Amino acid sequence: MENKIAVITGATSGIGAAYAKEFARRGYDLILTGRRKEILERNGEQIQSTYGVQVHTLIAELSKEEDVEKVLEFIKGKEVEVLINNAGFGIVGRFYETDINSVCSLADVNVLAPIKLIHQVLPGMIQRDKGIIINISSEGIYMAVPGNAAYSGVKAFLKSFSEGLAMDLYKTGVKVMAVCPGLTNTDFHGKMGLDPARQVSKGMIQWMSPEIVVKESLKDLEKGRIVSIPGLHAKILVSIFRLLPGKIYYKMLYQFSQKNFSK
Ligand SMILES: NC(=O)c1ccc[n+]([C@@H]2O[C@H](COP(=O)([O-])OP(=O)(O)OC[C@H]3O[C@@H](n4cnc5c(N)ncnc54)[C@H](OP(=O)(O)O)[C@@H]3O)[C@@H](O)[C@H]2O)c1
C-alpha cells in the first residue's frame, strides 16, 4: 500500500461503506473488514476501480478473539493514518430476556475490538504526530428506552472512551471523535427484523442516509469536535433531553417508545 491508509471495520454496507468511499475519494488506500464476503469484496473492487486506490478486504467476526487477532496481525507495522471502529449490530429486548451470548458479542464488537485496534495503531500515530480515530457510537445513548440497555450501554462506552482518549491525546496531532448517529437507513434495522416500510421519517422520527452521517461527522472532525451528532433534528432532540428533569425524561421516553417501537 503506497498511499495513506484508512482501516474501516464493518464496511460491507451502510455507514462503514460510506466512510470507505469517502476516504477512497480522498486518496486513501483502504483496509476494510466485514463478514458478508461477497458484498465486501464486490464493494472493494468497485472502490478500487472508481478511485484508483488499493483496497484490501478482511473477513472478520469481531466478537471472536482470533478474528480480531487476524486484523491486528494484518495491520501490524503499517502506517495507519485513519481508524474507524464502525462494525456493530443491534439487539432488542429487555436485558434479562436476551441471550447472554448476544450481549457478550455486542460488548466484544463494540468494546474489546475497538480498544485492541486503537491500542495497536496509536503508538505509530503518536510517533508521526498524525492520525484520526473515529468510533461509531449512537444517538441512542442519549435516549433511555426499554429493550435498549445493552446496546446503549456499550455505545456509551465508545463515547466516553473517545472523550477520555481525546484528552490523553490533546497536545498531539491525533484526533479522536465519537459519532452518535440517529436513525440511519442502512442494513442495521432490517437485520433486527424491522420492516423497511417502517424505516421512514415521520414527525419526531427522522431517518438519515449514511452519506449524510459521514459528511456531517467529517465536518465536525475538521471543526475539532470530539463528539459528533449528525443531523439538526438529532442535535435538537439530544439538547432537549439533556435539559429535561430526570422524572419527565424517563416517563416521556418510555411512553414514546411504547407508542412507536413496540412490536
Ligand atoms: N443504522 C442506524 O440507525 C445506526 C444508528 C446509530 C448507530 N449505528 C451504528 O453504526 C454502525 C454501522 O452500522 P450500520 O447502520 O451501517 O449497519 P450495517 O449496514 O448493518 O453495517 C454494520 C457493519 O458492521 C459489521 N458487523 C456487524 N456485526 C459484526 C460482527 N459481530 N463482527 C464483525 N463485523 C460486524 C457488518 O458486517 P456484515 O454485514 O458483513 O455482517 C457491517 O459491515 C454500527 O456500529 C451501528 O451500531 C447505526
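Each remark here, short or long, concerns the structure printed above.
Residues numbered from 1 in each chain as written. Predicted model: local features only at pLDDT ≥ 70, side-chain atom pairs only at ≥ 80, totals over all residues. Heavy atoms only, no water.

Participant: Got a minute to help me understand helix H3 (residues 65-75) in this structure?
Facilitator: A turn of α-helix holds 3.6 residues, and therefore any two residues three or four places apart point the same way. Taken residue by residue, H3 has Asp-67, Val-68, Val-71, Leu-72 and Ile-75 as its buried positions. Down the axis of H3, the smallest arc covering the buried residues is 145°, so these residues share one side. Facing away from the buried side of H3 by more than 90 degrees, the exposed set consists of Glu-65, Glu-66 and Glu-73. In this fold, the buried residues of H3 make contact with strand S1 (5-8), strand S2 (29-34), strand S3 (55-59), strand S4 (80-85) and helix H4 (100-128). Phi turns positive, to about 80°, at Gly-77, one or two residues after H3. (Buried < 20%, exposed > 50% of the residue type's maximum accessible area, 1.4 Å probe, protein only. Helix = DSSP H or I, 4+ residues; strand = E, 2+ residues; numbered from the N terminus. Arc of directions from axis to C-beta. Contact = heavy atoms within 4.5 Å.)

Participant: What exactly am I supposed to notice about the packing of H4 against helix H5 (residues 149-168) here?
Facilitator: When two helices pack together, their arrangement is given by the angle between the helix axes and the distance between those axes. Here H4 crosses H5 at 15°, and the two axes come no closer than 8 Å. Judged by the angle between their axes, H4 and H5 are roughly parallel. Along this stretch, H4 crosses H5, giving a crossing that reads as right-handed. In contact with Val-103, Leu-106, Ala-107, Asn-110, Val-111, Pro-114, Ile-115, Ile-118 and Leu-122 of H4, H5 contributes Ala-150, Tyr-151, Val-154, Lys-155, Phe-157, Leu-158, Phe-161 and Leu-165. Residue composition of the contact of H4 with H5, by class: 15 nonpolar, 1 polar and 1 charged. (Axes fitted to C-alpha atoms, helices over the stretch in contact; angles between N-to-C directions. Parallel < 35°, antiparallel > 145°, perpendicular 65-115°, else oblique. Left-handed = near helix turned anticlockwise from the far one by under 90°. Nonpolar A, V, L, I, M, F, W, Y, C, P; charged D, E, K, R; others polar.)

Participant: Can you walk me through the site of the ligand in this structure?
Facilitator: In the neighbourhood of the ligand, 31 residues make up the surrounding shell, with Thr-12, Ser-13, Asn-86, Tyr-151 and Thr-186 lying closest. Here Arg-36 contributes a side-chain N or O atom positioned 2.7 Å from an oxygen atom of the ligand. One of the backbone nitrogen or oxygen atoms of Gly-88 is found 3.3 Å away from an oxygen atom of the ligand. Burial of the ligand by the protein amounts to 98% of the accessible area it has alone, namely 880 Å². Counting only elements with at least two residues in the shell around the ligand, the list comes to helix H1 (14-25), H5 and helix H6 (188-191). Here the element with the most residues in the shell around the ligand is H6; it accounts for 3 residues. (Near = heavy atom within 4 Å. Polar contact = N/O pair within 3.5 Å; in protein donor to acceptor, adjacent residues only side chain to side chain. Areas by Shrake-Rupley, 256 points an atom, 1.4 Å probe, with all protein chains shown as cover.)

Participant: Just to check I follow, could you spell out the packing of aromatic side chains for this structure?
Facilitator: Each aromatic ring pair is summarised here by two numbers: the centre-to-centre distance and the angle between the ring planes. On inspection of all chains with the given rule, the structure shows 5 aromatic pairs. Ring centres of Phe-157 and Phe-161 lie 5.3 Å apart, and the angle between their planes is 15°; this geometry places the pair in the stacked category. Taken together, the positions of Phe-157 and Phe-161, both in helix H5 and 4 residues apart, correspond to about one turn of that helix. Residue Phe-157 is classed as partly exposed on the basis of its relative accessible area, which comes to 28%. For the pair Tyr-249 and Tyr-250, a centre-to-centre distance of 4.9 Å together with 70° between the ring planes defines the contact as edge-to-face. Joined through ring pairs, the aromatic side chains of Phe-241, Tyr-249 and Tyr-250 make up one cluster. Just above the ring of Tyr-28 sits the side chain of Lys-4; from NZ or CZ to the centre is 4.5 Å. Sitting over the ring of Phe-74, Lys-78 keeps its end group 4.1 Å from the ring centre. (Phe/Tyr/Trp six-rings, centres within 6.5 Å; stacked < 30°, edge-to-face > 60°. Lys NZ or Arg CZ within 6 Å of the ring centre and 35° of its normal.)

Participant: Please clarify how the nonpolar core should be interpreted in this entry.
Facilitator: Membership of the largest hydrophobic core comes to 28 residues, with the highest contact counts inside it found for Tyr-19, Phe-23, Leu-30 and Leu-32. The set of elements that each furnish at least two residues to this core consists of S1, H1, S2, helix H2 (37-51), S4, strand S5 (131-136), strand S6 (174-179) and helix H7 (210-222). When near neighbours in sequence (up to four residues on either side) are disregarded, Phe-23 contacts Ala-6, Tyr-28, Leu-30, Val-82, Ile-84 and Leu-218. Counting 26 residues, the second-largest nonpolar core is a separate cluster that includes Val-7, Ala-60, Val-109 and Ala-113. (Core = buried A, V, L, I, M, F, W, Y, C linked by side-chain atoms within 4.5 Å.)

These results come straight from atomic positions and should not be treated as a statement about function.
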